[in-house]
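Coordinates in review
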Amino acid sequence: MGELTLLRAEHAEAVLAFEVANRAYFAASVPDRGDAFFARYAERHRALLAEQEAGDCAFHLLLAEDGSVLGRFNLVDIGDGGAVLGYRVAQRVAGRGVATAAVREVCRLAAVRYGLGHLRAAAAEENVASRRVLLKAGFVPVGPAGPDELSGRRGTWYRCELDTVTGRGER
């Protein structure tokens, strides 16, 4: 599957390469990040590290043996016992169970390392693969996600009670 690790300063170049290589692939199912994101990625990377250091977010990378990024798995808006999960995987590993395995591992880390009790995630209606990953990882649909929550697209919010995924003994 690769190694799941927290985002660090030295990952900036690999993350940018991942985003550039998969830009068109991602834009087919989620809104494009725009040219400014790519032009100013170094600045954005530093901001992400600051958010992570403050404890507001935890940004995880799935790294291949060669150090290239296979996926990003982010916990944002950490607070009140929960967080929002966001993720994306490289086109070259899509459809192989990589996203599902990594989401399950992030759920375990959310409970064990960060002490969280639940996660939420939103997926657009047309993003069938993401919805499938969430269901396989133990998330259940809890309500609609509107265009203001999904960059202009309609979808569904999902929630995962982490004790059901990690087992009550680990918490």
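Residues numbered from 1 in each chain as written. Predicted model: local features only at pLDDT ≥ 70, side-chain atom pairs only at ≥ 80, totals over all residues. Heavy atoms only, no water.

1. A word on the layout of surface pockets
- By volume, the largest pocket amounts to about 1400 Å³.
- Around the largest pocket, the lining is made up of 47 residues, and of these Val30, Gly86, Tyr87, Arg88 and Ser130 lie nearest the centre.
- Breaking the lining of the largest pocket down by element, the ones donating at least two residues are α2 (23–27), α4 (41–54), β3 (69–79), β4 (82–89), α5 (98–112), β5 (118–124) and α6 (128–136).
- Among the residues forming the lining of the largest pocket, the class breakdown is 27 nonpolar, 9 polar and 11 charged. (1 Å grid on protein atoms, 1.4 Å probe; cavity = no way out; pocket = protein on both sides within 12 Å on 5 of 7 lines; lining within 4 Å. Points joined across faces, edges and corners; volume = space filled by probe spheres on them. Helix = DSSP H or I, 4+ residues; strand = E, 2+ residues; numbered from the N terminus. Nonpolar A, V, L, I, M, F, W, Y, C, P; charged D, E, K, R; others polar.)

2. Side note on the sheet that holds strand β7 (residues 155–161)
- Taking strand neighbours across the sheet as the criterion, the 7 strands line up as β1-β2-β3-β4-β5-β7-β6 in an open arrangement whose pairing is mixed. Here the strands that pair on one side only, and so sit at the sheet edges, are β1 (3–6) and β6 (140–145). Pairs of neighbouring strands in the sheet enclose a mean axial angle of 25 degrees, with direction left out of account.
- Where β4 lies against β5, 3 bridges are found, and the strand directions are parallel. Within β5, the position partnered with Gly82 by the bridge is His118.
- With respect to the sheet, helix α1 (residues 12–21) is in contact with β2 (58–63), β3 and β4, its orientation differing from that of β3 by roughly 105 degrees. (Pairing = 2+ DSSP bridges. Axes fitted to C-alpha atoms, helices over the stretch in contact; angles between N-to-C directions. Contact = heavy atoms within 4.5 Å.)

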